[in-house]
Amino acid sequence: MSCFSGELNFCPECGNILPLPGIRDTITCPRCSFNVSVREFTGQVIKSSVVFNPLNQSSSTVETEVDAELKGPVIDRKCSRCNKEGMVYHTRQMRSADEGQTVFFTCIHCRYQEKEDS
């Protein structure tokens with residue numbers, strides 16, 4: 001008794017996809033060496049299709065620059081403009097590699113931006 005049941009193009013022993021019939025009289029599973037006669041494929045039509053997702057401009061995931069400013073970890077840092085806690089930060093290497101990164105902070109309330117060189 002086989003472990004798997006399903007379409008003929010899957011191995012009934014291990015579930016692997018069987019290769020397409022070739023010159024030989026049998027098809028051998030590349031995973032478990034199960035053999036099936038090519039005659040069992042008589043009358044079978046093998047079809048394949050590729051379906052692409054539609055390109056929909058209205059639901060594009062392209063972020064605006066304003067939305068990108070507020071992405072990232074929020075830290076407890078007081079904004080120097082509105083005096084509220086909560087700023088998002090990201091880092092960039094603005095100078096040579098042997099110097100520290102520049103940290104950019106954006107207030108989640110008023111979107112004021114500060115930078116700090118380390």
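So, here is what we can say about the structure in this document. A quick note: this is a predicted structure, and the numbers were derived from the prediction, not measured. (Residues numbered from 1 in each chain as written. Predicted model: local features only at pLDDT ≥ 70, side-chain atom pairs only at ≥ 80, totals over all residues. Heavy atoms only, no water.)

### Notes on the overall build of the protein chain
- Counting its regular elements, the protein chain contains one helix and six strands.
- Taken from the N to the C terminus, the helices and strands of the protein chain come in the order β-β-α-β-β-β-β.
- Every one of the 118 residues in the protein chain was classed for burial, and the buried ones make up 14%.
- In the protein chain, the proportion of contacts linking residues at least 24 apart, taken out of those at least 6 apart, comes to 21%.
- Accessible surface, the protein chain as shown: approximately 9600 Å² in total, 50% of it carbon and sulfur. (Helix = DSSP H or I, 4+ residues; strand = E, 2+ residues; numbered from the N terminus. Buried < 20%, exposed > 50% of the residue type's maximum accessible area, 1.4 Å probe, protein only. Contact = heavy atoms within 4.5 Å. Areas by Shrake-Rupley, 256 points an atom, 1.4 Å probe, with all protein chains shown as cover.)

### Topic: the sheet that holds strand β5 (residues 102–107)
- Pairing is antiparallel across the open sheet formed by four strands, whose spatial order is β3-β4-β5-β6. Either end of the sheet is taken by a strand with one partner, and the two such strands are β3 (74–78) and β6 (113–117). Neighbouring strand axes in the sheet, compared pairwise and without regard to direction, differ in orientation by 40 degrees on average. (Pairing = 2+ DSSP bridges. Axes fitted to C-alpha atoms, helices over the stretch in contact; angles between N-to-C directions.)

### Description of the pairing of β6
- Bridge analysis of β5 against β6 gives five bridges, and the strand direction is antiparallel. Residue Phe105 lies in a different strand from β6, and its bridge partner there is Glu114.
- Here β5 folds back onto β6, and the loop between the two strands holds five residues, one of which, Arg111, carries a positive phi near 65 degrees.

### Brief notes about unusual backbone geometry
- Within the chain, Ser33 stands out as a residue other than glycine whose phi angle is a positive 65 degrees.
- Looking at the secondary structure, you find Ser33 in the loop between β1 (26–28) and β2 (35–37).
- In this model, Asn83 sits at a positive phi of 60 degrees, which is unusual for a non-glycine residue.
- Along the chain, Asn83 falls in the loop between β3 and β4 (85–92).

Function-wise, these values are silent; they only describe arrangement.
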